[in-house]
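# Fold and geometry: a report
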Amino acid sequence: MIIWQTLPFNKLSTLQLYELIKLRVNIFVVEQTCPYPELDDKDTIDDVYHLCGSQNDEIIAYARLLPAGISYENVSLGRVATKDTARGNGLGHQLIIEALKQCEQHWPGKTIDIGAQEYLQSFYQKYGFKPISEVYMEDGIPHIDMRLNK
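Here we summarise the structure given alongside this text.

Cut-offs and rules
- Along each chain, numbering runs from 1 in the same order as the chain's sequence is written.
- Two thresholds apply to this predicted model, a pLDDT of at least 70 for residue-level local features and 80 or more for giving and counting side-chain atom pairs, whereas whole-chain, interface and lining totals are computed over all residues.
- Note that the side-chain values use all heavy atoms of the structure and ignore hydrogens as well as water.
- Helix and strand assignments follow DSSP, with helices taken as H or I runs no shorter than four residues and strands as E runs no shorter than two, numbered in order from the N terminus.
- Our radius of gyration is a C-alpha quantity, and the globule rule it is checked against amounts to 2.2 Å times the number of residues to the power 0.38.
- We call a residue buried when its accessible area falls under 20% of the maximum for its residue type, exposed when it is over 50%, and partly exposed in between, using a 1.4 Å probe and counting protein chains only.
- Only heavy atoms enter the contact rule, under which two residues are in contact if any of them lie within 4.5 Å.
- To be clear on the numbers: accessible area is Shrake-Rupley with a 1.4 Å probe, and residue cover counts the displayed protein chains and nothing else.
- For this count, His and the chain ends are skipped, Lys and Arg are scored as positive, and Asp and Glu as negative.
- Where a charge sits is defined by one atom per residue type, namely NZ (Lys), CZ (Arg), CG (Asp) or CD (Glu).
- Buried Ala, Val, Leu, Ile, Met, Phe, Trp, Tyr and Cys residues that are joined via side-chain atoms within 4.5 Å together make up what is termed a nonpolar core.
- By convention in these notes, a salt bridge is any Lys or Arg side-chain nitrogen within 4 Å of a carboxyl oxygen on Asp or Glu.
- The span you would expect from a helix comes to 1.5 Å times its residue count less one.
- One axis is fitted to the seven residues ending at the residue and one to the seven starting there. The bend at that residue is the angle between these axes.
- Should DSSP find at least two bridges between two strands, the strands are regarded as paired.

A few words on the overall build of the chain. Within the chain, the secondary structure is distributed over 3 helices and 8 strands. The secondary structure elements of the chain, listed N-terminal to C-terminal, are β-α-β-β-β-α-β-α-β-β-β. Here the C-alpha radius of gyration of the chain, 14 Å, is about what a compact globule of 150 residues would show, namely 15 Å. Taken along its principal axes, the extent of the C-alpha atoms in the chain is 40 × 35 × 30 Å. Scored against the burial criterion, the 150 residues of the chain give a buried share of 43%. Of the contacts formed within the chain by residues at least 6 apart in sequence, a portion of 59% connects residues at least 24 apart. Per element, the accessible surface of the chain, about 8200 Å² overall, is 51% carbon and sulfur. Averaging the locations of the 14 positively and 20 negatively charged side chains of the chain gives two centres separated by 4 Å.

Pasting the structure below:
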């Protein structure tokens, strides 16, 4: 069973902070062999939330929820990640469902933008996201901006 928590930066425990940074670095830097500055100064901004999915006291799913004007002109999701050993059982779908639910709770009726890795475009389309850009390279990985209009 997954336990979901959505917390602002100042409510994260030191262990939660360590685990979410470890998960993000393991996926976005190590697994994807993409050296880039993972700590981008957005985590600590007021009204940014950290959605953590834990199982057996370990964070295995994560997404960062950002208010309008931080990454995009609209509300946005970022750093969407699932632990490699927890994949293949629908955890990514559970994570997106929970992230969208939390965005609606924090910013009701607001449009949501994402910068998705291109290979995940059809995954996000299942949740109503539509492409709003051409494919572009970000940190050596093809991405596409997508929007969920409300």
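In this structure, Leu 65, Leu 77, Leu 100, Ile 112, Tyr 124 and Phe 129 are the most contacted members of the largest nonpolar core, which totals 27 residues. Secondary-structure elements contributing two or more residues to this core are β2 (49-55), β3 (58-66), β4 (75-82), α2 (91-106), β5 (112-117), α3 (121-125) and β8 (141-148). The dominant element in this core, judged by the number of residues it contributes, is α2, at 6 residues. Ignoring sequence-local partners within four residues, the contact set of Tyr 124 consists of Val 80, Ile 96, Ile 114, Ala 116, Phe 129 and Met 146. Counting residues in each nonpolar core, the second largest holds 13 residues, with Leu 23, Phe 28, Cys 52 and Ile 141 among its members.

For the structure shown, the criterion picks out 11 salt bridges. Across the pair Arg 64 and Asp 43 runs a salt bridge, and its minimum N-O distance is 2.9 Å. A residue pair is termed long-range when its members are at least 10 positions apart, and Arg 64 in strand β3 and Asp 43 in the loop between α1 (14-31) and β2 qualify at 21 residues. Among the residues examined, Arg 64 registers a relative accessible area of 2% and is labelled buried.

For the rest of this paragraph, the subject is α1. The end-to-end C-alpha distance of α1 is 24 Å, a good match for the 26 Å that 18 residues give at a rise of 1.5 Å each. By the largest-angle criterion, Val 25 marks the main kink of α1, which is about 30°. Those residues of α1 lying buried are Gln 16, Glu 19, Leu 20, Leu 23, Arg 24, Ile 27 and Phe 28. Buried residues in α1 make contact with β1 (3-8), β2, β3, β4 and β5.

The buried fraction of β3 amounts to 8 of the 9 residues, a majority that puts the element mostly inside the structure. Across 7 bridges, the pairing between β2 and β3 is antiparallel. Within the sheet, the bridge partner assigned to Ser 54 lies in β3 and is Ile 59. Adjacent in sequence and paired antiparallel, β2 and β3 are bridged by 2 residues, among which Asn 56 carries a positive phi angle near 55°. By the bridge criterion, 5 bridges tie β3 to β4 in an arrangement that is antiparallel. Note on β4: the bridge partner recorded for Leu 66 is Ser 76.

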